[in-house]
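These are the residues of each chain, in order.
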Amino acid sequence: MILYALILRSRDILPLTSTTNYHCSNGESAIDLKLINKIVKSVLKTTDIPKNKCFLRTTDKTYYFLPCLNIICMAMCIPSYPQVLAYSFLEELAGEFTKKYDRFKVEQALRPYNLIEFDTTIHPIQQMYNKPQQLTSRINLAEITRDITLDPPQEVFIVEETSKNNIHTPQVIPPTVRVGPLPTLEPLSFIDKTSLTFTICLIIHSIVIVMDTWRSWTTEDDESLDTGWLHFCSILFRLAQMYVLTHKQMYRWKKGWTLFLVLLGIDWFLYFNDDLWQVILVYFITTLTHTCILRRKIAIKLPQYQI
């Protein structure tokens, strides 16, 4: 649900109007306006919010910001409230405000909350959006979702720093990587697909040997049994190497080097008695896959913003 709404002047972050009634499910009847204003000003002064919409997550609230002409609309919601409905609420709020007050009226405001009478318009819109089942005939969720996908809001982060007087001050960290859609890896190149094909061939070869070892596990050929276990381990590590190559995850380089060194040791014990060309081929495939892991980076793709 939407807990609080605020409209500010973008030029100097002067609050023009806001909701005058506040309530939530735990029975609170008042909010910490000083803390909210401190957080809002920290976000607006630190980020490029007059040009871009953004949102801020805290432990128990989510703040959404939407710039429109010479004003900025803010909605404070519970964390589970849908982002689509929050921005739809802000767009409708901004539309109603700009219809009632022109640019000259906004620039003429000298004191905070000089247009507080607009609360009578905010309240029914807020009540309507707090009951989403009544909105199906009023808003086009598909269109709003498409707009957010094409012009994704940027997320900012906030930390608390303690001053000398042991006072906690919110500090906003501007977005760096987490802007728009989550980052993905570059598309698989021809070399990447070739290394995956060679690795699959080695896995199939190891599976055949493991199956032969399984059929003869009752024999007393201890060396064959040990070789079967090593081939089984190589299957697991090569599957992990393929997963690291094809999926984005944390510590890709560390995982890639760990798998590479382990596979080099396993390959040595498995193939050091074979022909030299087999040893070179296996080591070449293992090294090629590891090189592909190191060279495949995060795709640099900017969001397609609407102009």
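Fair warning: this is a prediction, and the values are worked out from it, not measured in the lab. (Residues numbered from 1 in each chain as written. Predicted model: local features only at pLDDT ≥ 70, side-chain atom pairs only at ≥ 80, totals over all residues. Heavy atoms only, no water.)

## A few points about the packing of helix α6 (residues 190-215) against helix α9 (residues 276-295)
Put simply, α6 and α9 touch, their axes get as near as 9 Å, and they point 140° apart. Considering the angle they form, α6 stands oblique to α9. The hand of the α6/α9 crossing is left-handed. Contacts between α6 and α9 involve I191, D192, S195, F198, T199 and L202 on the former and, on the latter, V282, I285, L288, T289, C292 and R295. (Axes fitted to C-alpha atoms, helices over the stretch in contact; angles between N-to-C directions. Helix = DSSP H or I, 4+ residues; strand = E, 2+ residues; numbered from the N terminus. Parallel < 35°, antiparallel > 145°, perpendicular 65-115°, else oblique. Left-handed = near helix turned anticlockwise from the far one by under 90°. Contact = heavy atoms within 4.5 Å.)

## Thoughts on the nonpolar core
In globular proteins that are soluble, nonpolar side chains generally tend to be buried together. Counting 32 residues, the largest nonpolar core has I7, L16, F89, L90, L93 and F97 as its most contacted members. Every element with two or more residues in this core is listed here: β1 (2-9), β2 (14-18), β4 (62-68), β5 (71-77), α2 (83-100), α4 (119-129) and α5 (141-150). By residue number, the principal contributor to this core is α2, which donates 8 residues. Filtering out sequence-adjacent residues up to four positions away, I7 remains in contact with L14, P15, L16, T17, I71, I72, C73, L93, F97 and F118. Judged by nonpolar contacts, the second largest core, of 18 residues, contains I39, C54, L56 and V156. (Core = buried A, V, L, I, M, F, W, Y, C linked by side-chain atoms within 4.5 Å. Buried < 20%, exposed > 50% of the residue type's maximum accessible area, 1.4 Å probe, protein only.)

## Description of the environment of D212
One can find D212 in helix α6. For D212 and G228, which are 16 residues apart along the polypeptide, the C-alpha to C-alpha distance reads 8.3 Å.

## Some remarks on the packing of aromatic side chains
Each aromatic ring pair is described using two quantities: the centre-to-centre distance and the angle formed by the ring planes. Enumeration over the complete set of coordinates arrives at 8 aromatic pairs. Centroid distance Y101 to F118: 6.0 Å. Interplanar angle 65°. Geometry classified as edge-to-face. Of the two residues, Y101 sits in the loop between α2 and α3 (103-108) while F118 sits in the loop between α3 and α4, which places them 17 residues apart along the sequence. This pair shows no difference in class: Y101 is buried, exactly as F118 is. When the centroid spacing of 6.0 Å and the interplanar angle of 90° are considered together, the rings of W229 and F232 count as edge-to-face. Of this pair, W229 and F232 both sit in helix α7 (residues 222-246), 3 residues apart, roughly one helical turn. The class of W229 is exposed, set by a relative accessible area of 52%. Classification of F232 by relative accessible area gives partly exposed; the value is 36%. (Phe/Tyr/Trp six-rings, centres within 6.5 Å; stacked < 30°, edge-to-face > 60°.)

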